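Survey of secondary and tertiary structure
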Amino acid sequence: MFQIFKAVNFDWLKWRRIFIGISVLLMVAGLGSAIFREWKHPNGTNAFNLGVDFRGGTVVTARFKQAATAEQIRATLGAQGLNEAVIQPVVDRPDTFLIKLPLAGAGSTESDSDVELGRTKVRTALNSIGPEGSAYEIIGTDAVGAVAGAELRNKAIAVTLAALVGMLVYIAFRFEWTYGAAAVIAVFHDVLVTLGFFSIFQWEVNLTVIAAFLTLVGASVNDTIVVFDRVRENRKLHRRESLYKITNDSINQTLSRTVITQGLIVLSVLAMVIFGGEVLRAFSLALLIGTIVGTYSSIAIASPIMVWWERKIEAANKLATTASARSGFQPKRTDAGRKNVGKPSRAA
């Protein structure tokens, strides 16, 4: 494999307290922003800038006679005061766009008058480019109720938690439960830090952002697994060395792979942020921040937690062995699952 860094001997775990301190600071900043905006903000903004998918609103389907872009339509609506409108092109019909308008007030219920009001606002704004029928045509109006939005939000949270639980079970089966717990804590950290950025900067949270979260959950845990897999191999090859040194060596040995793969992902997502336009902006930002934070957490969060937990278990086993030796009984080890440590690796 191509190596960027050769013979790296950096003591990553030595800086674990600083790494964890940085993570705690980022999560507290995000939590503080959410609490302040929800209960203390003078303008009464929500903790997160939820999109139409979650808040409910009106979806207007418009077909344009002449070629138009999402940016042109957004500029036209913005000039008429509809700055919160979300413009989404229809893939198989290049002249058709979905224009989503959120409900006027948080928690309000959708009604026929709300739908008609949204349709009227869009028609009034689009009339600035030409009369309806000659410049454009509204071919459909649908309502996304607040109840449906809340249901989508709850399902999104449930899907994310289910993904974390599934990963915990899988990693515990393939490695040990301490490895799985450390990986899931790191992934949970990635999601919380990324959500914190969305609360601080009030970037819109919509269904594409949920898709980005599920993607970064998979990418982050994959990078963590590569490090843990190398730890498992090295523990079998170097049985007399400490877990602290083995973990540092494993991180250094996989550093080139981490930088190459995660660096390419970051460059690709950065291009989406810059050139992807407003439709992909929230999705791209979630992926960009999540990938960077996920790469960081694989080294700075998951590995220190795993080492700390393993040391706690080893200390407890030694204490139990010493106590039983004094009493004349042989204790039963609590970490029987470690018989799997040292299985041949295929992940790295």
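Just so it is clear, the structure is predicted and the values come from calculations on it, not from any experiment.

A few points about the overall build of the protein
Across its full length, the protein carries ten helices and six strands. In the protein, which comprises 348 residues, the proportion classed as buried is 41%. Taking the intrachain contacts of the protein between residues at least 6 apart in sequence as the baseline, contacts between residues at least 24 apart amount to 76%. By element, 63% of the accessible surface of the protein is carried by carbon and sulfur atoms, the whole surface being about 18600 Å².

A closer look at the environment of Ala 282
Inspection of the secondary structure puts Ala 282 in helix 10 (residues 277-327). Sequence-wise, Ala 282 and Thr 208 are 74 residues apart; in three dimensions their C-alpha atoms are separated by 7.5 Å. Apart from residues lying up to four places away in sequence, Ala 282 is in contact with Phe 198, Glu 204, Asn 206 and Val 209.

With respect to the packing of helix 1 (residues 16-40) against helix 10
If you want to describe how two helices pack, look at the angle between their axes and the distance between the axes. Packing of helix 1 against helix 10 leaves a shortest axis separation of 10 Å and a crossing angle of 115°. Taken as axis vectors, helix 1 and helix 10 run roughly perpendicular relative to one another. Between helix 1 and helix 10 lies a crossing of left-handed hand. Packed against helix 1, whose contacting residues are Arg 16, Phe 19, Ile 20, Ile 22 and Ser 23, the element helix 10 presents Tyr 296, Ala 300, Ile 301 and Pro 304 at the interface. Partitioning the contact of helix 1 with helix 10 into residue classes produces seven nonpolar, one polar and one charged.

Some thoughts on the packing of helix 1 against helix 6 (residues 177-201)
It is the contact of helix 1 with helix 6, at a shortest axis distance of 8 Å, that shows an interaxial angle of 45°. Relative to helix 6, helix 1 is oriented oblique. Between helix 1 and helix 6 lies a crossing of left-handed hand. Facing Ser 23, Leu 26, Met 27, Ala 29, Gly 30, Ser 33, Ala 34 and Arg 37 of helix 1, the residues of helix 6 in contact are His 189, Leu 192, Val 193, Gly 196, Ser 199 and Ile 200. A per-class count over the contact of helix 1 with helix 6 returns seven nonpolar, six polar and one charged.

Quick notes on the pattern of salt bridges
What the rule picks out here adds up to nine salt bridges. In this structure, Lys 65 and Glu 137 form a salt bridge, with 3.8 Å as the shortest nitrogen-oxygen distance. Here Lys 65 is found in the loop between strand 2 (57-64) and helix 3 (70-79), whereas its partner Glu 137 is found in strand 5 (residues 136-144), with 72 residues between them in sequence. Glu 310 is paired through a salt bridge with Arg 235; the nearest N and O atoms lie 3.2 Å apart. Here Arg 235 lies in helix 7 (residues 207-237) and Glu 310 lies in helix 10, a separation of 75 residues in the sequence. With relative accessibility at 0%, the residue Glu 310 sits in the buried group. One salt-bridge network, in which partners are shared between bridges, spans Arg 63, Lys 65 and Glu 137.

Remarks on the nonpolar core
Generally speaking, soluble globular proteins have nonpolar side chains that are buried together. In terms of nonpolar packing, the biggest core is built from 42 residues, with Ile 171, Tyr 179, Phe 198, Val 209, Phe 228 and Met 306 touching the most fellow members. Elements represented by at least two residues in this core include exactly helix 5 (146-174), helix 6, helix 7, helix 8 (243-253), helix 9 (255-275) and helix 10. Looking at which element gives the most residues to this core, the answer is helix 10, with eleven residues. Contacts of Phe 198, omitting those with residues within four sequence positions, involve Phe 48, Trp 203, Glu 204, Val 205, Val 209, Ala 282, Leu 285 and Ala 286. Within the second largest apolar cluster, 18 residues are counted, among which are Val 60, Leu 77, Ile 87 and Leu 126.

A closer look at the confidence of the model for the protein
For the protein, mean pLDDT is 81; residues scoring 70 or higher make up 86% of the total. In the model of the protein, helix 2 (residues 52-55) stands out as the element of lowest mean pLDDT, 74, in contrast to helix 8, which has the highest, 93. In this model, residues 339-348 is a region of pLDDT below 50 whose contacts with residues beyond four sequence positions or in other chains number 20 contacts.

About the cut-offs
- Residues numbered from 1 in each chain as written.
- Predicted model: local features only at pLDDT ≥ 70, side-chain atom pairs only at ≥ 80, totals over all residues.
- Heavy atoms only, no water.
- Helix = DSSP H or I, 4+ residues; strand = E, 2+ residues; numbered from the N terminus.
- Buried < 20%, exposed > 50% of the residue type's maximum accessible area, 1.4 Å probe, protein only.
- Contact = heavy atoms within 4.5 Å.
- Areas by Shrake-Rupley, 256 points an atom, 1.4 Å probe, with all protein chains shown as cover.
- Axes fitted to C-alpha atoms, helices over the stretch in contact; angles between N-to-C directions.
- Parallel < 35°, antiparallel > 145°, perpendicular 65-115°, else oblique.
- Left-handed = near helix turned anticlockwise from the far one by under 90°.
- Nonpolar A, V, L, I, M, F, W, Y, C, P; charged D, E, K, R; others polar.
- Salt bridge = Lys/Arg side-chain N within 4 Å of Asp/Glu carboxyl O.
- Core = buried A, V, L, I, M, F, W, Y, C linked by side-chain atoms within 4.5 Å.
- pLDDT = per-residue confidence, 0-100.

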